[in-house]
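Inside the fold
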Amino acid sequence: MSTLHTKLWRDLKRLRAQVLTIAMVVAIGVSGFVGMFAVHESLKGSRDAFYRDNRLADVFVGLKRAPVQLRERLAAIHGVEEVKLDVVFDAQIDLPGVVPPVTGRFIALDLSAVHNGRQGLNALTLKRGRWPERGNALEALVSDRFAAARQLRPGDEVHAILNGRRERLHIVGTAVTPEYVFASQGGAPDDTAFGVWWIDGQRLVEQFDMEGAFNQASLRLAPGVPELSVRAQVDRLLADYGSVGAVGRDGQLSAKIVSDELSSLKVMGTVLPAIFLAVAMFILNVVLSRQVATQRSQIAALKALGYPDAAIGWHYTQLALVIAGLGVLAGLALSEFIGRGMLSLYDEVFRFNGLAYVMSPWLLLASGLIATVAATAGTWTAIRSVVRLRPAQAMLPPAPPMYSKTLVERLGLGRFLTTGARMVVRQVERRPLRAAFTVTGIALAVALQISGAFWLDAIHHIADVQYRQVQQGDVLVNFRRPVPPTVVQDLKRLPGVIDAEPYRTEPVKVSWRGRSEDTALSGYVAGAQLLRVVDEERGPVALPPNGVVLSALLARELGARVGDRVTLDFRLWHRRQVQIEVVDIVHTQFGKLLFMDLAAMNRLARDGDGVAAAALQVDPAAMTAFWTAVKGAPTIASVFDKAGSYEAFSQRTERNMGVFSGILTLFAVAMAVGIIYNAARISLSERAWELASLRVLGMTRAEVSVLLLAELGAELLIALPIGALLGYGLASAMMALMASDAIDFAVVIEPSTYASAGLIVLAAGVASALLVRRQIDRLDLVSVLKVRE
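Only a predicted model underlies this, so the values are computations on that prediction, with no experimental measurement involved. (Residues numbered from 1 in each chain as written. Predicted model: local features only at pLDDT ≥ 70, side-chain atom pairs only at ≥ 80, totals over all residues. Heavy atoms only, no water.)

1. What about helix α22 (residues 701-737)?
Between its terminal C-alpha atoms α22 stretches 50 Å, which fits the 54 Å expected from 37 residues at 1.5 Å a residue. The largest bend in α22 is about 35 degrees, located at leucine 709. (Helix = DSSP H or I, 4+ residues; strand = E, 2+ residues; numbered from the N terminus. Expected span 1.5 Å × (residues − 1). Bend = angle between axes of the 7 residues up to and from the residue.)

In structure tokens, the structure reads:
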């Protein structure tokens, strides 16, 4: 072993505590990068394989009703390779032992194609049981997640209200499909309240009087074919049949949500690790610069003995690389734990044929390369100092710093400070860059803690707006077909119903100056209270008697402003095209939507006063009787139970976000400890002679400790408010980077989140200070004071 290698291992042993803390920060950055990108790669690989093996379509379109003879015309569109026509309806499901009804989406299943192995597009994968068979009993497959959530097994029986008729369903198996990787009734996942069901297509067609017709089509395109062109031709072909507008995979609910989640993972896997690696670079820079300063005589001796600058510089680079290597190894081990844990959470939401954790070789190489670059960059200042140091100069003690009055003293404020306080101020002012870096590092730890915890605040805010302000009612019901507004009186006669308000939601195409968007127009009664439009800043918004209100997302997409006249194309019923003035723009949280007064909407559509949905307020004490009556109402196709949805939403999101927030909290604590402990150790090594002299002059250990740690305390207190500002900025940046064209969330951070982040980092600082205090107590006064004059 060479002399420099021997010195390297001795330096590592002497600096072992600092080596471990720096390696810990590097490990966190590496684990975040590798773990999140490994989850991204695993999800993406599983998704792509599932889409490919089960032949997910490229274009989807829903409509009111069209003849199956249109299949040939759809297939004749240039670029279309395959067409699948479906019959799809939502209906109530009555589960045994469950009081509230749940909603099922029933899809016609071609039994002959299934048994012959020719399912076509959006094919099913059977997870348990067998395929349905035609017979007297109506056999069904159910989506695997719903079956697991409701503990349904092959052999169980349930009842469904299909087009007003109560039917017994015999469950024979469970399945997954790429069309419903994320199964949702309205955007929020709730496996207990919404499930997908596949039954004999012939029976479903007969139940809903859809002989020779379809209401959903899926198309597969040839590679390289422009999707927009195909969608435009599909829309023109199906316009007279109540088409709601063709969409690609980026507009299909399940595929879009999976894609948005993958994008979010890439953001998280890039932003957070970059913070940790930047902090590691700073700590390495400070530690190695101090190492070079304390080893001036050793460097001089090595140069005098003929060691070139490159060899000595490489020695200090190796020191940094060893620390980075330890961090990479620990980070890779930690990434396995983080990655598998996150993947298990995703497995509860997304259903693929299989979901296996995969760590690509490029992640290992990239993590090593990034850590190496960060470590090398962190040693640059130290290496430059080594190269510039001449042997004769290095043999002499370093020149004492030039002392002068501090800014506080020049302003005449020094007389208000104690001797110890003046020493702290002088120390900070004479090393401003180091103090600034320390403050910035601690502030980033606070910001990281806030950026992890604010997601829980955001979830609570979303739940408050959606479940308490927008939906003040308890239940939403959807009818099988439009009914007169007088249905409100019938609904009020149901057990426990206190109030009822009808509303209407219709698919429309809105256009403005060459831009267009397929969306939904909702009409609410004047003075609606049970289902309202709520602006993020203004609160509930009263809909004017005339004109249309746009969501901010839709207005931004179209470039429309208040006073503009947009064009509306009603997709169903009379399919009118009208122009209407934009009278307001509201910042809703979800969707590119339009809102109108219900009476004005009916006048505009000219298709009668029928409504297809209603919001109800129900006495909690009468919910059991109310649900029993709803199950027996043949005109109600589906229901939305706010209480059940809120409970499922809260449990899932708070658990997932709680895990994520907990991990970031641990990371923030580790970062704070790494920064504060290393700053204190460096300060101790620089001021050891000064502190030992003060001890000899009669100061106690506690008084000496205060002089050293008060500087860190001041930096810590300065960093807390800066960290709060950085936390808000980091949260805003992450929200912007993960933004989707379908969500418009405000950044909401509660005061308690700021307080907890500050207290956690403060506690980490106190723990680090106590560790350094032990080193101060153990100072060997004799050896410390033996310095050259």
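That was the structure; now back to the text.
2. Observations concerning the packing of aromatic side chains
All told, the structure shown has 13 aromatic pairs when counted by the stated rule. Look at phenylalanine 454 and tryptophan 455: their rings are 4.6 Å apart centre to centre, the planes differ by 40 degrees, and that puts the pair in the tilted class. Owing to a relative accessible area of 14%, tryptophan 455 belongs among the buried residues under this scheme. Arranged with centres 6.3 Å apart and planes meeting at 40 degrees, the rings of tyrosine 524 and phenylalanine 595 form a pair that is tilted. With tyrosine 524 in strand β14 (residues 515-524) and phenylalanine 595 in strand β20 (residues 594-597), this residue pair connects regions lying 71 residues apart in the sequence. Taken individually, tyrosine 524 and phenylalanine 595 each receive the classification buried, so the pair is uniform in this respect. Aromatic ring contacts, followed pair by pair, group Phe33, Phe37 and Trp362 into a single cluster. (Phe/Tyr/Trp six-rings, centres within 6.5 Å; stacked < 30°, edge-to-face > 60°. Buried < 20%, exposed > 50% of the residue type's maximum accessible area, 1.4 Å probe, protein only.)

3. Points about the packing of helix α1 (residues 3-14) against helix α10 (residues 309-347)
At a minimum axis distance of 10 Å, the contact between α1 and α10 shows a crossing angle of 40 degrees. Once α1 is placed against α10, the crossing between them reads as right-handed. Judged by residue contacts, Leu4, His5, Lys7, Leu8, Asp11 and Leu12 of α1 engage Ala311, His315, Tyr316, Gln318, Leu319 and Val322 from α10. Its residues assigned to classes, the contact of α1 with α10 comprises 7 nonpolar, 3 polar and 2 charged. (Axes fitted to C-alpha atoms, helices over the stretch in contact; angles between N-to-C directions. Left-handed = near helix turned anticlockwise from the far one by under 90°. Contact = heavy atoms within 4.5 Å. Nonpolar A, V, L, I, M, F, W, Y, C, P; charged D, E, K, R; others polar.)

4. Topic: the sheet that holds strand β10 (residues 213-221)
The sheet built from 4 strands is open, its strands ordered β2-β10-β1-β11 with antiparallel pairing. Either end of the sheet is taken by a strand with one partner, and the two such strands are β2 (80-86) and β11 (247-248). (Pairing = 2+ DSSP bridges.)

5. Looking at the pattern of salt bridges
Applying the stated criterion across every chain yields a total of 25 salt bridges. Two residues, aspartate 518 and arginine 571, come together in a salt bridge whose shortest N-O distance is 2.2 Å. Within this pair, whereas aspartate 518 is found in strand β14, its partner arginine 571 is found in the loop between β18 (565-570) and β19 (577-586), the two being separated by 53 residues in sequence. Linked through salt bridges whose partners overlap, the residues forming this network are Lys44, Arg47 and Asp48. (Salt bridge = Lys/Arg side-chain N within 4 Å of Asp/Glu carboxyl O.)

6. Let's talk about empty space enclosed by the protein
Regions of empty space are outlined by a rolling probe, equal in size to a water molecule, passed over the atoms. One pass over the full model with this rule turns up 10 cavities of 30 Å³ or more. Around the second largest cavity, the lining comprises 14 residues; the ones closest to its centre are Ser143, Arg145, Tyr180, Ala183 and Arg351. Within the residue set of the lining of the second largest cavity, elements represented by two or more residues are α5 (144-149) and β8 (165-176). Top element by residues in the lining of the second largest cavity is α5. It accounts for 3 residues. The residue inventory of the lining of the second largest cavity, partitioned by class, reads 8 nonpolar, 2 polar and 4 charged. (1 Å grid on protein atoms, 1.4 Å probe; cavity = no way out; pocket = protein on both sides within 12 Å on 5 of 7 lines; lining within 4 Å. Points joined across faces, edges and corners; volume = space filled by probe spheres on them.)

7. Section: a nonpolar patch on the surface
Taken together, the side chains of Ile718, Ile722 and Leu726 present a nonpolar region at the surface, about 230 Å² in accessible area. Note that isoleucine 722 resides in helix α22. We classify isoleucine 722 as partly exposed; its relative accessible area is 34%. (Patch = residues over 30% accessible without salt bridge, like charges linked within 9 Å, V, L, I, M, F, W, Y side chains within 5 Å. Areas by Shrake-Rupley, 256 points an atom, 1.4 Å probe, with all protein chains shown as cover.)

8. Examining the environment of isoleucine 107
Mapped onto the elements of the fold, isoleucine 107 is located in strand β4 (residues 102-109). C-alpha separation for the pair isoleucine 107 and tryptophan 131, spaced 24 residues apart in sequence, amounts to 14 Å. When residues no more than four places from it in sequence are discounted, the contact partners of isoleucine 107 are Asp86, Val87, Val88, Tyr180, Val196, Trp197, Trp198, Ile199 and Leu204.

9. Observations regarding the confidence of the model for the protein
Looking at the protein as a whole, the pLDDT averages 83, with 90% of positions reaching at least 70. In the model of the protein, helix α24 (residues 781-785) stands out as the element of lowest mean pLDDT, 59, in contrast to β10, which has the highest, 95. (pLDDT = per-residue confidence, 0-100.)

10. Description of the pairing of β19
Pairing between strand β17 (residues 548-551) and β19: 4 bridges, direction parallel. Counted as the bridge partner of valine 548 is valine 582 from β19. Strand direction decides the pairing type here: β18 and β19, joined by 5 bridges, are antiparallel. Its bridge partner lying in β19, valine 566 is registered against isoleucine 580. Here β18 hands over to β19 after 6 residues, with tryptophan 573 in that stretch at a positive phi of 55 degrees.

11. A word on the nonpolar core
Burial of nonpolar side chains together is a common tendency in soluble globular proteins. Val39, Leu43, Leu272, Phe350, Leu448, Met671 and Val772 are the most contacted members of the largest nonpolar core, which totals 108 residues. Take this core: its biggest share by element is 18 residues, from helix α8 (residues 253-294). Once you skip the residues sitting within four places of it in the chain, methionine 671 turns out to touch Val25, Ile275, Phe276, Val279, Gly441, Leu444, Ala445 and Leu448. Within the second largest apolar cluster, 26 residues are counted, among which are Val98, Val158, Ile171 and Ile199. (Core = buried A, V, L, I, M, F, W, Y, C linked by side-chain atoms within 4.5 Å.)

12. Re the side chain of glutamine 466
Tracing the chain through its elements places glutamine 466 in helix α16 (residues 432-470). Owing to a relative accessible area of 17%, glutamine 466 belongs among the buried residues under this scheme. A distance of 3.0 Å separates a polar atom in the side chain of glutamine 466 from a polar atom in the side chain of glutamine 589. Every residue in contact with glutamine 466, bar those within four places of it in the chain, is listed here: Gln471, Gln589 and Phe590. (Polar contact = N/O pair within 3.5 Å; in protein donor to acceptor, adjacent residues only side chain to side chain.)

13. A word on the packing of helix α2 (residues 16-53) against α10
Contact geometry of α2 with α10 gives a least axis separation of 5 Å together with a crossing angle of 40 degrees. By the angle between their directions, the pair α2 and α10 is classed as oblique. In this structure, the crossing between α2 and α10 has a hand that is right-handed. Here the residues of the contact of α2 with α10 are counted per class, giving 21 nonpolar, 7 polar and no charged. (Parallel < 35°, antiparallel > 145°, perpendicular 65-115°, else oblique.)

14. Some words on the side chain of glutamine 216
Note that glutamine 216 resides in strand β10. Within the structure, the side chain of glutamine 216 is placed 2.9 Å from the side chain of glutamate 179, a separation counted as a polar contact. With residues near it in sequence (within four places) discarded, glutamine 216 still touches Val61, Gly62, Leu63, Lys84, Leu85, Asp86, Val88 and Glu179.

15. Some remarks on the pairing of strand β3 (residues 88-94)
Here β3 lies mainly inside the structure; 5 of its 7 residues are buried. As paired strands, β3 and β4 are joined by 6 bridges and run antiparallel to one another. Looking at β4, one finds that isoleucine 93 is bridged to valine 102. Strand direction decides the pairing type here: β3 and strand β7 (residues 157-162), joined by 3 bridges, are antiparallel. Note on β7: the bridge partner recorded for glutamine 92 is isoleucine 161.

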